[in-house]
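This is what each chain is made of:
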Amino acid sequence: MRVLGVDPGLTRCGLGAVQGRPGAPLSLVDVGVVRTPAGDDIGARLVAIEREIERWLDEHRPDVLAVERVFAQHNLRTVMGTAQASAVAITCAARRGLPVALHTPSEVKAAVTGSGTADKKQVGLMVTRLLRLTAMPKPADAADALALAICHVWRGGSAGRVAEALARVKASGAVRRDGRGTAL
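Residues numbered from 1 in each chain as written. Predicted model: local features only at pLDDT ≥ 70, side-chain atom pairs only at ≥ 80, totals over all residues. Heavy atoms only, no water.

Participant: I tried to follow the overall build of the protein on my own but got confused; where do I start?
Facilitator: When its secondary structure is counted, the protein shows five helices and five strands. Helices and strands appear in the protein in the N-to-C order β-β-β-α-β-α-β-α-α-α. Taken over 184 residues, the protein has a buried fraction of 40%. A fraction of 62% describes how many contacts in the protein between residues 6 or more apart in sequence connect residues 24 or more apart. Carbon and sulfur atoms form 55% of the exposed surface of the protein, whose accessible area is close to 9900 Å². (Helix = DSSP H or I, 4+ residues; strand = E, 2+ residues; numbered from the N terminus. Buried < 20%, exposed > 50% of the residue type's maximum accessible area, 1.4 Å probe, protein only. Contact = heavy atoms within 4.5 Å. Areas by Shrake-Rupley, 256 points an atom, 1.4 Å probe, with all protein chains shown as cover.)

Put into C-alpha cells, the structure is as follows:
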C-alpha cells in the first residue's frame, strides 16, 4: 500500500509518501513541505497548496491519503488554517476517488512511538528509525506527514481492507436491501 500523509498547515503543509504493509518493513517514497508566505492572500495560499498536492498525487499515485484530523486548539487562527489546508487535501483526493483517512495527533504518536503524548522530537526519531533514514526529516511538518502515513499503513490498512470487501459484496448484490446477506 502506498500512503500519502498530509500534515495540514497554511504556512507549512507537510507531505510524506510511504510504501508498505503491516508486519513488513516500510520504505520512504518521498517527503517535503509546501510553504506559503503568511502575508499572501488566503486564496493564493490555498491554491498553492492544492497545486502541490495535485503534483504529488500525479507523481506518487498513492492508494490513500492520511490526513491529520483537525483538533481544538486555543489559537483559532491556527485551527482555521489547519482546517482549510486539510479541506484542500481532502478535496484533491475526492476529485480522484481516493479514500481519505483522518488520524488524530495522539493516534499517530501512539502508532509510531508507543505513546500518545510523545513530543515532536520522539516522533521524528522513530520515523527516522522506521524508514531507515540517515537523518531526521526537517522541518517537523515533514516528519509528521511521514508519521501519518506510517500510522495509516499500520492501523488503517486492515480497516480499509474490510471496507473495500464490504463495498465489493454490496456492489455484487449479495446484500439485500434489509442488510441481510444472501447465500453466495
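Participant: For this particular structure, what's the right way to read helix α2 (residues 76-96)?
Facilitator: In an α-helix, one turn spans 3.6 residues, which is why side chains three or four residues apart end up on the same side. Taking 1.5 Å per residue, 21 residues should reach 30 Å; α2 reaches 31 Å between its end C-alpha atoms and fits that length. Three or more residues of α2 are buried, namely Val79, Gly81, Thr82, Ala85, Ser86, Val88, Ala89, Cys92 and Ala93. After α2 finishes, the residue Gly97 shows a positive phi value of roughly 75°. (Expected span 1.5 Å × (residues − 1).)

Participant: Looking at this structure, how should I read a nonpolar patch on the surface?
Facilitator: A contiguous nonpolar patch, built from Ile90, Val100 and Leu102 and spanning about 180 Å² of accessible area, is present on the exposed surface. Among the structural elements, Val100 can be located in strand β5 (residues 100-103). (Patch = residues over 30% accessible without salt bridge, like charges linked within 9 Å, V, L, I, M, F, W, Y side chains within 5 Å. Salt bridge = Lys/Arg side-chain N within 4 Å of Asp/Glu carboxyl O.)

Participant: Please clarify how helix α1 (residues 42-60) should be interpreted in this entry.
Facilitator: Taking 1.5 Å per residue as the helical rise, α1 with its 19 residues ought to reach 27 Å, and the 27 Å between its terminal C-alpha atoms agrees with that figure. What α1 keeps buried is the set Arg45, Leu46, Ile49, Ile53, Glu54, Trp56, Leu57 and His60. Summarising the axial view, the buried residues of α1 lie within an arc of 170°, below the 170-degree limit, and thus occupy one face. Buried residues along α1 sit in contact with β1 (2-7), β2 (12-19), β3 (27-35), β4 (64-68) and α2. Remark: Arg61 follows α1 within two positions and exhibits a positive phi of approximately 45°. (Arc of directions from axis to C-beta.)

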